[in-house]
Structure formats: C-alpha cells, structure tokens
Amino acid sequence: MRKVIIVMLSIAFAVTACEKVPLTGRKQLILVPNNDMLAMSFTQYKAFLDTSRVVPTSSGDAEMVNRVGNRIRQAVESYMNSNGFAKRLEGFQWEYHLVQSNQVNAWCMPGGKIVVYSGILPYTQNEAGLATVLGHEVSHAIAEHGNERMSEGLVANGLLQAGQVAAGIATSSKSPQTQALFQQAIGTGGPLMYQYFGALPHSRKQESEADHLGLIFMSMAGYNPAEAITFWTRMAKASSGKAPAEFFSDHPSDSRRIADLQKLLPDAQKYYASARR
Ligand SMILES: [Zn+2]
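Quick summary incoming for the structure in this document. Being a predicted model, the structure only gives us computed values, none of them experimental. All chains use their own residue numbering, which begins from 1 and follows the written sequence. Local features in this predicted model are restricted to residues of pLDDT 70 or higher, and side-chain atom pairs are both shown and tallied only at a pLDDT of 80 or more, whereas totals for entire chains, interfaces and linings draw on every residue. No hydrogens and no water enter the side-chain calculation; it runs on all heavy atoms of the structure.

1. Re the overall build of the protein
Piece 1. On a plain count of helices and strands, the protein comes out with 13 helices and 5 strands.
Piece 2. Relative accessibility thresholds used throughout: buried, under 20% of the residue-type maximum; exposed, over 50%; partly exposed, between the two (1.4 Å probe, protein chains only). Counting only residues that meet the buried cut, the protein has 50% of its 277 residues in that class.
Piece 3. What sets the accessible areas is the Shrake-Rupley method with a 1.4 Å probe; for residues, cover comes only from the shown protein chains. As presented, the protein carries roughly 12,500 Å² of accessible surface, and 55% of it is formed by carbon and sulfur atoms. By definition, any uninterrupted DSSP run of H or I lasting at least four residues is a helix, any uninterrupted run of E lasting at least two residues is a strand, and each is numbered from the N terminus.

2. Re the nonpolar core
Piece 1. Within the largest apolar cluster, 50 residues are counted, with the highest numbers of intra-cluster contacts made by I72, V76, V116 and I142.
Piece 2. Among the elements of the structure, α3 (60–82), β3 (95–99), β4 (106–109), β5 (113–117), α5 (127–142), α10 (204–220), α11 (226–239) and α13 (254–276) are those that each provide at least two residues to this core.
Piece 3. Joining through side-chain atoms within 4.5 Å is the link that ties buried Ala, Val, Leu, Ile, Met, Phe, Trp, Tyr and Cys residues into a set, and such a set is a nonpolar core. Counting residues in hydrophobic clusters, the runner-up holds 15 residues, among them M37, M40, V115 and L154.

3. Comments concerning α10
Piece 1. With 17 residues, α10 extends 24 Å between its outermost C-alpha atoms, agreeing within 8% with the 24 Å of an ideal straight helix rising 1.5 Å per residue.
Piece 2. Among the 17 residues in α10, 14 count as buried, and that is most of the element.
Piece 3. Downstream of α10 by a residue or two, G222 has a phi angle that is positive, lying close to 90 degrees. Here the expected length of a helix is defined as 1.5 Å per residue gap, with one fewer gap than residues.

4. Looking at the pairing of β5
Where a strand is regular, its side chains alternate between the two sheet faces.
Piece 1. Among the 5 residues in β5, 5 count as buried, and that is most of the element.
Piece 2. Residues K113, V115 and Y117 point to one face of β5 and I114 and V116 to the other, with burial holding for every one of them.
Piece 3. Here, strands pair whenever DSSP counts at least two bridges between them. With 5 bridges connecting them, β3 and β5 associate as parallel partners. The residue bridging V99 from the neighbouring strand is Y117, located in β5.
Piece 4. As paired elements, β4 and β5 share 4 bridges and run antiparallel to each other. In the strand pairing of β5, W107 is matched with V115.
Piece 5. With antiparallel pairing between neighbouring strands as the criterion, β4 and β5 make up a hairpin whose turn holds 3 residues, including G111 at a positive phi of roughly 90 degrees.

5. Description of the pattern of salt bridges
Piece 1. Here, a salt bridge means any side-chain nitrogen of Lys or Arg that lies within 4 Å of a carboxyl oxygen of Asp or Glu. Counted according to the given criterion, the structure contains 11 salt bridges.
Piece 2. Between K87 and E19 there is a salt bridge, with the nearest N and O atoms lying 3.9 Å from each other. In this pair, K87 sits in the loop between α3 and β3 while E19 sits in strand β1 (residues 18–20), placing the two residues 68 residues apart along the sequence.
Piece 3. You can call K87 exposed: its relative accessible area is 56%.
Piece 4. If you follow the salt bridges from partner to partner, you end up with R26, E148 and E209 in one network.

6. Describing unusual backbone geometry
Piece 1. If you check the backbone angles, Q125 has positive phi at about 65 degrees while not being a glycine.
Piece 2. Structurally, the position occupied by Q125 is in the loop between α4 (121–124) and α5.

7. With respect to the packing of aromatic side chains
Piece 1. Note on aromatic contacts: the rings of Phe and Tyr and the six-membered ring of Trp form a pair at centre separations within 6.5 Å, being stacked when their planes are under 30 degrees apart, edge-to-face when over 60 apart, and tilted otherwise. Counted according to the given criterion, the structure contains 7 aromatic pairs.
Piece 2. Ring centres of F92 and W94 lie 5.2 Å apart, and the angle between their planes is 50 degrees; on these two criteria the pair is classed as tilted.
Piece 3. The buried category is assigned to F92, whose relative accessible area is 14%.
Piece 4. Pairwise contacts between aromatic rings join Y45, F48, W107 and Y117 into one cluster.
Piece 5. Only when the NZ atom of a Lys or the CZ atom of an Arg is both within 6 Å of the ring centre and within 35 degrees of the ring normal do we say a charge sits over the ring. The cationic tip of K113 hangs over the ring face of F42; the distance from NZ or CZ to the ring centre is 4.7 Å.
Piece 6. If you follow R257 out to its NZ or CZ, it ends over the ring of W232, 3.6 Å from the centre.

8. Some thoughts on the environment of S239
Piece 1. In this fold, S239 is placed in helix α11.
Piece 2. Judged by relative accessible area, which is 12%, S239 ranks as buried.
Piece 3. Expressed as a C-alpha distance, the spacing of S239 and D254, which sit 15 residues apart in the sequence, is 9.7 Å.

Now the structure itself:
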C-alpha cells in the first residue's frame, strides 16, 4: 500500500515539477506550492516596508512608480490570461513602492511586491527607463525564478524527495530550514537588495530571461523597447571604471546584455507597434 502511494506521489511530482516559462518556453523545476511562496513573500515585503523610508504616494516620483508599475502589470495580466498562464498570477497582490535610499536598485518579490529605490531614478531618467527596470524585475516574479531557485535548493539540500514533495513543503514552510532557503532564493535577510542581487545572484540564465521577458512586456505596455538599450548603455557608461552598482553586479556583462537585447528588438517592436494602435 505504502509503495503504491509513493509511486502515485512520484508521478504527481513528475507532472507538476516541470513547468514552462512564458515566452521563452524554457523548462524549469517548480516544486514549492504557490500559496507557500506568496505567504512567505508577503510577510517579508511588509516587514521590509515597516522598516524602510517609503516615499508617500503623493510625491511625483512615487506616483510615477505606481503608474509605470500598473502599465506593466496590465500588459503582463493581459498576455498571461490569454496565453494559458493565468495560473502563474493566482494570488498576486500587486504593490509598488518607492523607497528613499541611495542604492541603485529595484526588485519584485513573488506575488507582485515591488520596490524601487530612489537611487535608481537618476539612471532611469524617464518612464521608459523605469519601465525597462520594472519589466525586468516583474519578469523574475512571473517566471517564478524565486520558486525555481528555492526548488533547486530544496532538492540540493535533500529536503525534498519525490514521495514527499507537495505535502511536505506545505507543512514545513515555517520550518527554519525552509525559511532559510527562502531567504537565499528571494529573501530580505539583511540588506534585501544585496541578498537579492548580490550575495546570491540570479543565475545568468535567469537574468537573460528577465531581460527578454521584460523587453517584451514593456513593449506590450506601450513603452518603446529601443529605450531599454538606451537605458543599459547609459548604465554601462555610468558604471564603467567604478565598482558596479548593486543592480549590475550580478547581471550579465553590459556588452553581452546590450547585444542580446538588440537581437530581440525587432520582435519587441512588433508588440510595441500593436500596443500603440
Ligand atoms: Zn535581474
């Protein structure tokens, strides 16, 4: 009997474990139930805001973050809902905040919890620049890069085995080990940005994918994708000869990133053209 159950769970594991990323179609390992992922994310986001200097929404810059964030969100929702990816947005509670800080950074946690640091605004310069950054960050969330990293961490640490997957993680999401892995994958432990981009960077593969998806989503939202190349070129100039800012440090090399974006530009421009129609 026990054997049968294990076999059945293993089949369930095999079926649910492999998902395809929207737009790129890349296969990825997703093991953590979305509910658990979002619950951990929302708790940490709130804790982060409670201890940060959140810029009031009455300020022009915070309003801009809200406006650009909402446009990206609408583009993402419309694409995902009409292309069979609605499940990935289940439970999202989108929120956008500008936080007073010199850090040149921004991020989006699972479930659409976004923070933009005021330190990145001199680099984004305009709404299309900000849309480039938000498109990239939101793409990490909807491609479930955090879940993927955490899933890989759980397997690598022997915390998940085929027979235990779904039930195991659901009941153990509050365990210290699971929390620690979440911190590593997404977390806000210590300086959030640093964890997110610095100490444990997204893989190169995930970064290029977020660039790709972000370029398409900003185009769908009606921002000129050519501005993404302008933005990254500006960032490359600003960071050359200096220690790289947090936002760049673990992202692909500037020249590689710009070359990759240029290849994707004709496709992105089609989405931009139909968004403007
Ligand atoms: Zn990134």
